[in-house]
Structures are given as structure tokens and as C-alpha cells.
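# Coordinate inspection notes
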Amino acid sequence: MHKPGILIISHGSPESEWMRWIDEAVEQTTFPADMPVYSSYLDNVPGRLIQNGIDELERQGVTDLLVIPLFVSSGSTHIDEISYALGVKEAPDKETDLEPFRITARVHFGYPVDDDEDIAHMLWDKVKHLSEDPTREIVLIVGHGSIHGGFLHRWVKGIASLSRRVGAISGTAYADYALLNPDSLILKTRKWTKRGYRVLIAPIFLSRGYFLNTVIPRRLEGLSHHYVGEALLPHPRLSHWIQRQVDVLLEQMTVTK
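What comes next concerns the included structure. Note that this is a predicted model, so its numbers are computed, not measured.

Another aspect to go through is helix 6 (residues 185–194). Three or more residues of helix 6 are buried, namely L185, K188, T189 and W192. Looking straight down helix 6, one finds that the buried residues subtend no more than 100 degrees of arc, so they occupy a single side. Facing away from the buried side of helix 6 by more than 90 degrees, the exposed set consists of L187 and K194. The secondary structure elements touched by the buried residues of helix 6 are strand 5 (137–145), strand 6 (174–181), strand 7 (198–203) and helix 7 (210–219). Two residues or fewer after helix 6 comes G196, characterised by a positive phi angle close to 90 degrees.

So, in C-alpha cells, the structure goes:
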């Protein structure tokens, strides 16, 4: 007999607002009736860590964990270490201090954001109020990126595809992407301003924090750009994204029974 339960995993932060937006998005999601749900964090939230979530769901009799990794890119090293610690892969691609979790339930591991219609709409919604003449504007999506080769490739693949989707939704002249690691934000901003375009900066981070408040503004100092530093959350479409991921995992679980 199978009893599925939903384990949502996000990074976590010492900033209470960061967690509040995540928790509200989860609370606003419509889950299947009577299906246990636990929103957990990789770090910074004692008592609500991943192992806490596994223990609680298994205590409720869950036999199949539908894991939703709430991260913006499969290029995140956290996706690699979490999938290893959950037993989804035999070894991590990069050395990690994360030990394998105590778990008896079967794990059905979902996918991070990468490229998705809901997220593309969220990004455009956050910057469209800055738009004056879309035909002379560029949306520049800014992501964290990675200094590790294989992870960087995954970052670029996802954000490049996402930028094309944002371009189609926004109606702007073009949508491009830049990463903080390795840094291409300054180069890309200069490139488009020199060509006569207004550059609308759209950071792809779930919640506000150090990168949106400090890192990105510092790198953009002295450059012509339009930036208000809004994160993806809060936004109602994230709940829709979560719901869709659950539906996909439920279908996969049914097929593999």
C-alpha cells in the first residue's frame, strides 16, 4: 500500500521574512486532500530541517516522499547534495558535508525551477512597472551561477531557456541573462546600454537578502540600468508551480508502482 506525502525543501535563511514568503506560498497551494505536507529547510531553521520533515511524514505513515526542491536552478550544488543525501544518486558530483538522511520511505525527487512558464511570468511581473517602451528595452535576468564547471553548465542551460521565455512574454526587444558567478552582470549591462537599450534588471532569487540588497546594486554602480531589487516572492504563481510539481510526481509514482 502506498501513502504519499509531500516534502518541500528550500534553502532557509536567518531572516524571518525569507521563510515567511516560502511558508505563505506553501500554505496557499492546493494539495490533494488528506495528503501530509511538510515544508523543510536545508539550513538556518532549527526544528524544521530536512530530517525533521522526513521523520514527521514517516511518523504519519508516509511510504512515498514526493520531494519538491524549491531552488531556482539544477546548477545549485545544494540540489546535488540533497539528492545524494536522500539516496536519489549514489554519489554527489561535488564533495559535501551533508550526511545521508535516515529514511525508509521511497523517494520521488522533483525538479528545481530552471525554465518554467510560471516563473517567467513572475519575473516579468516584478519588473514590468519599470517598462516605458518595450521595443527599446532589454530584460536582463540575473542569477547566482556557479564557479564549478558542470554546475555552471546546468545554470546556463536553464537560465538561457528561461530568458527566451521571458522575452516572448514581455514583448521587449530581447531578454538576456547574467550570472554573479562567474560575473557577467557588468559586461552584459554595458553591452546592452551601448546598443541604446534600457536595461531592466530581473533577479531570479526567491526572497530578498544579501545578494539583492548588496551584491547586485554594488556591481551595477555607475552603470545605466533600472533595478528595484524585487525577489520572486511574494507571488501567487509560485503556489501554482508547486502544485504542478506535485501532480507530476504523483503521476510518476503511479506509473512506477
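The next subject is the sheet that holds strand 3 (residues 64–69). If you walk across this open sheet you meet the four strands as 2-1-3-4, and the pairing is parallel. On the outer flanks of this sheet lie strand 2 (37–41) and strand 4 (106–109), each paired with one strand and no other. On average, each strand axis in the sheet is inclined to that of its neighbour by 25 degrees, with strand direction left out of account. The pairing of strand 1 (residues 4–10) with strand 3 spans six bridges and is classified as parallel. Within strand 3, the residue paired with I8 across the bridge is I68. Contacting strand 1 and strand 2, helix 1 (residues 16–27) crosses the sheet at an angle of about 160 degrees to strand 2. Contacting strand 1, strand 2 and strand 3, helix 2 (residues 50–59) crosses the sheet at an angle of about 160 degrees to strand 2.

The three strands lie next to each other as 6-5-7, forming an open sheet whose pairing is parallel. Sheet topology places strand 6 and strand 7 at the edges, where each strand pairs with a single neighbour. Pairs of neighbouring strands in the sheet enclose a mean axial angle of 30 degrees, with direction left out of account. The pairing of strand 5 with strand 6 spans seven bridges and is classified as parallel. Among the inter-strand pairings, I138 is bridged to a residue of strand 6, identified as Y174. Across the sheet, helix 6 lies against strand 5, strand 6 and strand 7, angled at about 155 degrees from strand 6, the strand it touches most.

The rules behind these values
Residues numbered from 1 in each chain as written. Predicted model: local features only at pLDDT ≥ 70, side-chain atom pairs only at ≥ 80, totals over all residues. Heavy atoms only, no water. Buried < 20%, exposed > 50% of the residue type's maximum accessible area, 1.4 Å probe, protein only. Helix = DSSP H or I, 4+ residues; strand = E, 2+ residues; numbered from the N terminus. Arc of directions from axis to C-beta. Contact = heavy atoms within 4.5 Å. Pairing = 2+ DSSP bridges. Axes fitted to C-alpha atoms, helices over the stretch in contact; angles between N-to-C directions.

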